[in-house]
Amino acid sequence: MSLSKISQKLVSTTPAALQIRRSLASVAPASLHAHYPVVPGSLTAHLQLRSGEKFTGGSFGAPVSTVGETVFTTSLVGYPESMTDPSYLGQLLVFTQPLIGNYGVPHRTRDEFGLLKHFESEKIQCRGVIVSDYAAKYSHWNACESLSQWCEREGIPAITGVDTRALVHILRGQGSTLGSLNVGAEPASNIDWVDPNVDNLVAQASTDSVRVFNPKGDVHVALIDCGVKYNIIRSLCEQGARVSLVPWNHDLSSELAQYDGIFISNGPGSPTHCTETIDQLRQAFEVYQRPIFGICMGNQLMGLAAGLNAYKLRFGNRGHNQPAVDLTNGRCVITSQNHGYALDDSKMPAGWDRYYVNANDGSNEGIRHLDMPFRSVQFHPEAKGGPLDTAYLFKEFVDQVRASKAAGVEATVIPDAATAQAASASA
């Protein structure tokens, strides 16, 4: 068989070809223990996967131990933004970019909306950091401390000297895997392998009270906080919206008329835990006439409310270089993504259609209602640090909200209990 025909077979998406590719990806046996020479005077750190592989390197974070889901991001820049993204809550974050830390960590400067300019939340959200080559010496005009100092101050363990290429091959082959990261002479023993995805991580990441941003905005948007990134709030405010950030399980049923639009944020973990949010959205779909938009977790929750199912991806899509095709016009955009779950859009509910599709793996990247102003995307239009291909979606949403308000579109009341019960039963 010619090399070209072999290549064609390997890129095929048939089950047999996929199995071949997964077998090739599993390059490391469970007995693997890769050692990296630790700089004299430095602490030793160990990464162990539940499947048995071990990596020993140097510690550059806090001298503590942790367990989390081991995932990787292919982003080349933006480690301060990635590490503070609430969608990484409960995870050990592997950077495929070899050199990490060379531009340090920026100042905690706030913008006109009271949001941190260079971080996506108030603290590091991932449980641990895994890199190939940590740059101990940093250089950047806006840096105030090293990545090591930041991790130590926030109690986050970090390991350098890991062959991240081999590690990513393992994760691509067997899927995202629980990992243990500890600091000490020997790898940890008697590890309690607790899967963070069994918990409602959205409830942990969400605000516990209503917060208002840009109070003088000309349109009022309810932003359901499932673990929101600061740049989502900023992007809405910059478009002139007044934003009321509400908890993930906030009861909107009696407040729908107050809002000119509803926005659902990103967030960590499985969407199936957010039954209260799904119920709220299902009710809103029945009566709300104004625009609704969702991002990432918001896309999954809108899909579940519409009648779709969600499933866990083998290793997720995380990075700044994911191609997504707009099915309304065929345009391909490069997007920032961070998710481990996706919607099964093989059979769309009545009145709904696919919006975007991932050009790499064919997974769902968005849904839209055919008649109502409801739509969502799986990727991050607010991307920090980049790309900015889809930032226009915020303008489109707020412009749509503004047009709806100008047209006098009313938000109807929730149906009476009997009607609501019947609608819930049919769903």
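Note that the structure is predicted; figures quoted are calculated from it, not measured.

## Thoughts on the overall build of the protein
Secondary structure assignment for the protein yields 11 helices and 22 strands. With 427 residues in all, the protein has 55% of them scored as buried. Intrachain contacts of the protein at a sequence separation of at least 6 include 73% that bridge at least 24 residues.

## A short note on the packing of aromatic side chains
Applying the stated criterion to the full structure yields 12 aromatic pairs. When the centroid spacing of 5.9 Å and the interplanar angle of 55° are considered together, the rings of F293 and F397 count as tilted. With F293 in strand β17 (residues 292-295) and F397 in helix α10 (residues 392-406), this pair connects stretches of sequence that are 104 residues apart. The residues F293 and F397 share a single accessibility class, namely buried. Summarising the aromatic geometry, the rings of Y356 and F379 are spaced 5.0 Å apart at their centres and angled 85° between planes, so their arrangement reads as edge-to-face.

## Considerations on the packing of helix α8 (residues 275-287) against helix α9 (residues 297-306)
Relative orientation of the contacting elements α8 and α9 amounts to 65°, with a least axis distance of 8 Å. Our pair here, α8 against α9, has a crossing hand that is right-handed. On the side of α8, the interface is formed by T277, I278, L281, R282 and F285, while α9 contributes L301, M302, L304, A305 and A306.

## Details of the pattern of salt bridges
For the structure on display, the rule yields 14 salt bridges. Where E382 meets K229, a salt bridge forms, and the shortest distance between an N and an O atom there is 3.1 Å. Here E382 is found in the loop between β22 (374-377) and α10, whereas its partner K229 is found in the loop between β14 (219-225) and α7 (230-238), with 153 residues between them in sequence. The pair E382 / K229 is uniform in exposure class, with both members buried. Its salt-bridge partner being D399, residue R402 comes within 3.5 Å of it at the nearest N-O pair. Taken together, the residues span about one helical turn, with R402 and D399 both in helix α10 at a distance of 3 residues. In this structure, a network of salt bridges that share partners links the residues D218, K395, D399 and R402.

## Quick word on the pairing of β17
Side chains I292 and G294 of β17 all project onto a buried face; the interleaved residues F293 and I295 project onto the opposite face, where all are buried too. When strand β16 (residues 261-264) meets β17, the two strands line up parallel, connected through 3 bridges. Of the residues in β17, the one forming a bridge with I262 is I292. Note that the unit made of β16, α8 and β17 has a crossover that is right-handed.

## Here's the deal with empty space enclosed by the protein
Within the structure shown, the criterion is met by 5 cavities of 30 Å³ or more. For the largest cavity, the lining is made up of 15 residues, of which G267, P268, G269, H339 and G340 are closest to its centre. At the level of elements, α9 and β19 (332-344) are the ones that each hand at least two residues to the lining of the largest cavity. The element best represented in the lining of the largest cavity is β19, accounting for 4 residues. Each residue belonging to the lining of the largest cavity can be placed in one class, and the counts come to 4 nonpolar, 9 polar and 2 charged. The volume enclosed by the second largest cavity comes to roughly 100 Å³. Elements with a contribution of two residues or more to the lining of the second largest cavity: α3 (79-83), β18 (309-326) and β19. Per-element tally for the lining of the second largest cavity: the top contributor is β19, with 3 residues.

## Describing the sheet that holds β18
Across the sheet, which stays open at both edges, the 10 strands sit in the order β13-β15-β14-β16-β17-β22-β21-β20-β18-β19 with mixed pairing between neighbours. Each of the sheet's edge strands pairs with one partner strand only, and the pair in question is β13 (211-213) and β19. With strand direction ignored, the average angle separating the axes of adjacent strands in the sheet is 20°. The strands that α7 touches are β13, β14, β15 (241-247), β16 and β17; relative to β15, the one it contacts most, it runs at about 150°.

## So, α9
For the α-helix, the turn length of 3.6 residues means that residues three or four positions removed from each other point alike. Within α9, 10 of the 10 residues are buried, which leaves it mostly tucked inside the rest of the structure. Buried within α9 are the following residues: M297, G298, N299, Q300, L301, M302, G303, L304, A305 and A306. Positioned one or two residues after α9, G307 has a phi angle of 120°, which is positive.

## Focus: the side chain of T70
Mapped onto the fold, T70 is located in strand β4 (residues 66-73). In terms of polar contacts, T70 uses its side chain to reach the backbone amide nitrogen of G179, at 3.4 Å. Leaving out residues up to four positions away in the same chain, T70 has contacts with L49, L92, V94, I130, L171, S176, T177, L178 and G179.

## A look at the confidence of the model for the protein
When pLDDT is averaged across the protein, the result is 91; 89% of the residues are at 70 or more. A low-confidence stretch, residues 1-28 (pLDDT under 50), is modelled with 23 contacts involving residues beyond four sequence positions or located in other chains. Taken as a whole, residues 417-427 scores under 50 in pLDDT and shows 3 contacts with residues more than four places along the chain or in a different chain.

Definitions and limits used
Starting afresh in each chain, residues are numbered from 1 along the sequence in its written order. Local features in this predicted model are restricted to residues whose pLDDT is 70 or higher, and side-chain atom pairs enter the listing and the counts only when it is 80 or higher, whereas totals over whole chains, interfaces and linings include all residues. The basis for every side-chain value is the complete set of non-hydrogen atoms in the structure, without hydrogens or water. Strands here mean DSSP runs of E at least two residues long; helices mean DSSP runs of H or I at least four residues long; both are numbered from the N terminus. Each residue's exposure class comes from its accessible area (1.4 Å probe, protein chains only) as a fraction of the maximum for that residue type: buried when under 20%, exposed when over 50%, partly exposed otherwise. Note on contacts: a residue pair is in contact if any heavy atoms of the two residues lie within 4.5 Å. Under the pairing criterion, centres of Phe, Tyr and Trp rings, with the six-membered ring standing for Trp, must be within 6.5 Å; the plane angle then separates stacked pairs below 30 degrees from edge-to-face pairs above 60, leaving the rest tilted. All axes here are fitted lines through C-alpha atoms, helices being fitted over the stretch that makes contact, and every angle between N-to-C directions spans 0 to 180 degrees. Left-handed is the label given to a crossing in which the near helix is rotated counterclockwise from the far helix by less than a right angle, and right-handed is the label when the rotation is clockwise. Salt-bridge detection follows one rule: a side-chain nitrogen of Lys or Arg within 4 Å of a carboxyl oxygen of Asp or Glu. Following DSSP output, two strands are said to pair if at least two bridges run between them. Whether a crossover is right-handed depends on one test, that the path from the first strand over the helix to the second runs clockwise when the strands point away from the viewer. Buriedness for pockets is judged along seven lines, at least five of which must meet protein on both sides within 12 Å for an open set on the 1 Å grid over protein atoms alone, while cavities are sets there where a 1.4 Å probe fits but cannot get out, and lining residues have an atom within 4 Å of a point. Grid points are joined across faces, edges and corners, and a volume is the space filled by probe spheres set on the points. Gly falls in the polar group here, along with every residue not listed as nonpolar (Ala, Val, Leu, Ile, Met, Phe, Trp, Tyr, Cys, Pro) or charged (Asp, Glu, Lys, Arg). Two N or O atoms count as a polar contact when they lie within 3.5 Å, although within protein this holds only if one can serve as hydrogen donor and the other as acceptor, and sequence-adjacent residues are included solely when both atoms are side-chain atoms. Along the chain, pLDDT gives the predictor's confidence residue by residue, from 0 to 100.

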